[in-house]
Amino acid sequence: MTNEEVKSALHRGTDFLMQQQNSAGNFEGQLSSSTFPTCAYAWVLFAQDQSPDEALIDWLIKHQNPDGTWGLDAANQPNREATLFAQLILEQVWQQQPNPQLAGVLARIPPYPLNLALIKLSYAAFGDFDWNKLTIPKRMLPVMTLAKKLLTKFPFLQSFLKPPTNVLPPVDLFHTRTFETLFIAEQHTLVPVFILIELNTTRRPEMIASLVSWLIEHKLSDNSWFRVNYITALSVLALIELQKHITGRQDTFNPEPTESAQSEEIQRLIDGGIAWLQSTRNPDGGCREALNLNIWDTALSVLTLIDIGNVDANNTIQRAGRWFIDNQNPDGGWAFSAMGRTGSLLSDADDTALATLSLLRAKIPSGAEAIQRGLDWLKAHQSPDGSCSTYLPGQGDVGCVSLTAHAIEAWCEATGMEVEIDRACRWLEGQISKEGYWSDLWLAKRTYGTACAIVGLIKAGKATSPAIARGVRWLESVQNSDGGWGEDMFGNLTDSTVEQTGWCTYALLLVDPESAAARKGLEFLLNRQRPEGSWDASCVGIYWEIIGGYADPIYAVVFPLLALNQYLKGTNGI
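Residues numbered from 1 in each chain as written. Predicted model: local features only at pLDDT ≥ 70, side-chain atom pairs only at ≥ 80, totals over all residues. Heavy atoms only, no water.

**Regarding the packing of helix α17 (residues 401–413) against helix α19 (residues 446–459)**
And then number 1: One can describe the packing of α17 onto α19 by two numbers: an axis separation of 8 Å at closest approach and a directional angle of 25°. Classified by the angle their axes make, α17 and α19 are roughly parallel. Our pair here, α17 against α19, has a crossing hand that is left-handed. Residues Val-401, Ser-402, Ala-405, His-406, Ile-408, Glu-409 and Cys-412 of α17 touch α19, and the partners they reach there are Tyr-448, Gly-449, Cys-452, Ala-453, Val-455, Gly-456 and Lys-459.
And then number 2: Tallied by class, the residues present in the contact of α17 with α19 amount to 8 nonpolar, 4 polar and 2 charged. (Axes fitted to C-alpha atoms, helices over the stretch in contact; angles between N-to-C directions. Helix = DSSP H or I, 4+ residues; strand = E, 2+ residues; numbered from the N terminus. Parallel < 35°, antiparallel > 145°, perpendicular 65-115°, else oblique. Left-handed = near helix turned anticlockwise from the far one by under 90°. Contact = heavy atoms within 4.5 Å. Nonpolar A, V, L, I, M, F, W, Y, C, P; charged D, E, K, R; others polar.)

Structure follows, in structure tokens:
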């Protein structure tokens, strides 16, 4: 490996990345299709007495593993819940359109018992599971409340008091303080689930009205819920079921003369939700879980290009900076997916930290106010222990390694944030495992957490921290024989990916420009770059361990480029 080879790879990769910028100024990689959102969309179609199109059915058939299973995501590792969901959908297709190919697909599926409550819910919707067996008894609510209090006071009990996944909480949880303290994505998932359960069990008008009111209030301006496929699909399914009860007069939910007007409004919500779900379809026939992650994709791209330097001949950075300003939420933060200044999608710490950092490094004259508001948002959302959580500290949220590290980078780029930086660094140092790694929530997983922690501590001037040396030793210990790094969302070692190799190599080079492990990582990256400058994307993003992750082609460019560029910096090659 020579400096000239690295320079060539960096130049080609940079050109490719710059070509990904959209006319509006942002960068946005098309996320990969996965099983849960694809099946959820098909479920919605069946609920509307429609059949999934051939492309969707072909996607499911194509992604069946040789052992008859399906994976959660693009990694396609066999997964029981994904298999059961795909089996349910294809069985419905078979009932409508039996054919030999589908018969062969169904025959290869291994016999799995139902376990995950959300999968049991889908089977109940098709008459294959008892609605009354989906939830724990209402009398268990005090126990749930006590468990929540214990976890708040003693976080180390998290591994001992995990909520069950094979059963759902009672619908009455909705009217408790415990519901209000749940993680926001859990709330958005449970409310439509509660509506479905209530409409098919006790049918209490007051409870249904309260749940439906919450659901309608939380619809976004683009007609989605949380801009997530699975959550939006559940919400649409709940409204479809509600519509059937209204028009069929199956209960006493709405005996008033306004029934017709309400039915029309519910139908508008359904139609809008389905149209949004259609926008999550990919050309391969499947569905992706989120519409896009364009704030993060843009921030990663901008920070990479700024780090490389001399790339703004066509105003790339300035255009992206103005796009950030135009898409800042009213509260000063940024959401994972831009919706303009309406700000109807909740701000989160990771996107706010990286968008703020991008504007700081871009030095856009008109960005001073946006930067200050971003810094204020981050400061206000730092937990007392020094960490940053995704949305709201203490509201069902937990401190996250990568988010805290990214906040440190933004605060280091600004001035007067020493108190926040020191608190965050102390928290980071305390989060290292006895094995020497940090674990993350949003990308896979120990490699990403460890790389982010090392980078954050170094940027904060903590290069002599013993935690960094331990993290380096751990990264070196899990390097694959091909020079790369790889693990799945559960922390299991896998084949190497360019994304994980990129962020591990970058962190190691920040610590030691002469790192032998980093050099092997660089050779892995050089050997896998395509002629036009890109790399193959792998599934390294994590939505939720229950429904899987995603591959993003932007990740597969920015992380290798950061590593290549850091190597040249360390060898004075540029």
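**Section: the packing of aromatic side chains**
And then number 1: Taken as a whole and judged by the stated rule, the model has 18 aromatic pairs.
And then number 2: Relative to Trp-214, the ring of Phe-179 has its centre 6.1 Å away and its plane inclined at 75°; by these criteria the two rings are edge-to-face. With Phe-179 in helix α8 (residues 177–180) and Trp-214 in helix α10 (residues 205–217), this residue pair connects regions lying 35 residues apart in the sequence.
And then number 3: Looking at Phe-179, the relative accessible area reads 4%, which means it is buried.
And then number 4: On the basis of relative accessible area, Trp-214 is assigned to the buried category, the value being 12%.
And then number 5: Their ring planes at 45° and their centres at 5.8 Å tell us that Phe-183 and Tyr-391 sit as a pair that is tilted. In this pair, Phe-183 is assigned in the loop between α8 and α9 (184–199) and Tyr-391 in the loop between α16 (368–380) and α17, connecting sequence segments 208 residues apart.
And then number 6: In this structure Tyr-391 comes out as buried when scored by relative accessible area, which is 7%.
And then number 7: An aromatic cluster of at least three residues, connected via ring pairs, comprises Trp-296, Tyr-448, Trp-503, Tyr-543, Tyr-550, Tyr-555 and Phe-559. (Phe/Tyr/Trp six-rings, centres within 6.5 Å; stacked < 30°, edge-to-face > 60°. Buried < 20%, exposed > 50% of the residue type's maximum accessible area, 1.4 Å probe, protein only.)

**A few points about helix α14 (residues 316–326)**
And then number 1: Of all 11 residues that make up α14, 8 are buried, and the element is covered over most of its length.
And then number 2: Listed as buried for α14 are Thr-316, Ile-317, Gln-318, Ala-320, Gly-321, Trp-323, Phe-324 and Ile-325.
And then number 3: Summarising the contacts, the buried residues of α14 are in contact with α1 (3–18), α13 (294–308), α15 (349–362) and α16.

**So, the pattern of salt bridges**
And then number 1: Under the defined criterion, the tally for this structure stands at 17 salt bridges.
And then number 2: Taking the shortest distance from any N to any O, the salt bridge between Lys-7 and Glu-4 comes out at 3.8 Å. You can see Lys-7 and its partner Glu-4 sitting in helix α1, 3 residues apart, about one turn around the helix.
And then number 3: Looking at Lys-7, the relative accessible area reads 33%, which means it is partly exposed.
And then number 4: For Lys-462, the salt bridge is made with Asp-422, and the minimal N-O distance between the two is 3.8 Å. In this pair, Lys-462 is assigned in the loop between α19 and α20 (466–477) and Asp-422 in helix α18 (residues 418–430), connecting sequence segments 40 residues apart.
And then number 5: Accessibility expressed as a relative area gives 27% for Lys-462, which makes it partly exposed.
And then number 6: It is possible to trace a salt-bridge network through shared partners that takes in Lys-138, Asp-172, Glu-198 and Arg-204. (Salt bridge = Lys/Arg side-chain N within 4 Å of Asp/Glu carboxyl O.)

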